[in-house]
Amino acid sequence: MRRVVILGCSGSGKSTLARRLGERLSLPVVHLDALYWKPGWQPRDLEDFRDRVAAAVAGEGWICDGGYSGTYDLRFPYADTVIWLDRPPALCLWRVGVRWLTHLGRTRIDMGEGCPEKLDLAFLMFIWNWRRVTKPKIEAGLARLAPHTPQFVLRSARDVERLIKEAG
């Protein structure tokens, strides 16, 4: 594992896994949320965002967490491993709620500078509908751009721990 893409619903544990795997494998971690959001939750224009992602994954090794369909072509064909965090929507909602309370008014390290933790109905609906709406789009992108890249599906904390232990 030298170029790893971590995918999953918000609240599934992508950023945490990316950090832990990055430490285990001594690889830089690329949090797409941190590259996409400008202060005040303002999105970057696509060209600027793509430039930032391309620079971040230009090296020989990296771990990248997040979806962002506008950058599939910059990451998927170059990844040697895809990790899916397949967690139930109710668990993801609960984890996002806990994260919101834990980081209330503060910006997480894996988020864009000046983007304090927030929670709204649109985000909750995105999480609830992720498996039905967003996941199939990601799967189609992988099928088109990285059909032979090994994929690991992690459904539990035990799966995550096993992968981290066996990595390297």
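Before reading further, recall that the structure is shown in the block above.
Predicted model, so just to flag it, every value in this text is computed and none were measured. (Residues numbered from 1 in each chain as written. Predicted model: local features only at pLDDT ≥ 70, side-chain atom pairs only at ≥ 80, totals over all residues. Heavy atoms only, no water.)

**Q** Looking at this model, I keep getting lost on the nonpolar core. Mind explaining?
**A** A general tendency of soluble globular proteins is for nonpolar side chains to be buried together. In this structure, Leu7, Phe76, Ile138 and Leu142 are the most contacted members of the largest nonpolar core, which totals 29 residues. Counting 15 residues, the second largest nonpolar core, distinct from the first, contains Ala18, Leu25, Ile83 and Val160. (Core = buried A, V, L, I, M, F, W, Y, C linked by side-chain atoms within 4.5 Å. Buried < 20%, exposed > 50% of the residue type's maximum accessible area, 1.4 Å probe, protein only.)

**Q** Hey, could you run me through helix H5 (residues 89–102) in this one?
**A** Counting along an α-helix, one turn takes 3.6 residues, and residues three or four places apart therefore face a common direction. The end-to-end C-alpha separation of H5 is 20 Å, in line with the 20 Å expected for 14 residues at 1.5 Å each. Among the residues making up H5, those that are buried are Pro89, Cys92 and Val96. Here the buried residues of H5 occupy an arc of 55° about the axis, which is enough to place them on one side. Those residues of H5 that are exposed and aimed more than 90 degrees away from the buried face are Trp94 and Leu101. (Helix = DSSP H or I, 4+ residues; strand = E, 2+ residues; numbered from the N terminus. Expected span 1.5 Å × (residues − 1). Arc of directions from axis to C-beta.)

**Q** Got a minute to help me understand the pattern of salt bridges in this structure?
**A** Think of it this way: side chains of opposite charge can pair up when their charged atoms draw near. With the rule as written, the count across this model stands at 9 salt bridges. For the salt bridge of Glu161 with Arg20, the shortest nitrogen-to-oxygen distance reads 2.6 Å. Separated by 141 residues along the polypeptide, Glu161 in helix H8 (residues 157–166) and Arg20 in helix H1 (residues 14–25) bring together distant segments of the chain. With a relative accessible area of 40%, Glu161 lands in the partly exposed category. The partly exposed category is assigned to Arg20, whose relative accessible area is 32%. Between Arg108 and Glu117 there is a salt bridge whose closest N-O contact spans 2.5 Å. One exposure class covers both Arg108 and Glu117, and it is buried. (Salt bridge = Lys/Arg side-chain N within 4 Å of Asp/Glu carboxyl O.)

**Q** Which parts of the structure should I look at to understand the sheet that holds strand E2 (residues 29–31)?
**A** Whether parallel or antiparallel, the strands of a sheet pair through hydrogen bonds between backbone atoms. What the 5 strands build is an open sheet, ordered E2-E5-E1-E6-E7; its pairing is parallel. Every interior strand has two partners, whereas the edge strands, E2 and strand E7 (151–154), have only one. This sheet shows a mean twist of 20° between the axes of neighbouring strands, independent of strand direction. As paired elements, strand E1 (residues 3–8) and strand E6 (residues 81–85) share 5 bridges and run parallel to each other. In the strand pairing of E6, Val4 is matched with Thr81. Against the sheet, helix H7 (residues 135–145) contacts E1, E6 and E7, and its axis sits at roughly 170° relative to E6. In the packing of H8 onto the sheet, contacts are made with E6 and E7, and the angle to E7 comes to roughly 140°. (Pairing = 2+ DSSP bridges. Axes fitted to C-alpha atoms, helices over the stretch in contact; angles between N-to-C directions. Contact = heavy atoms within 4.5 Å.)

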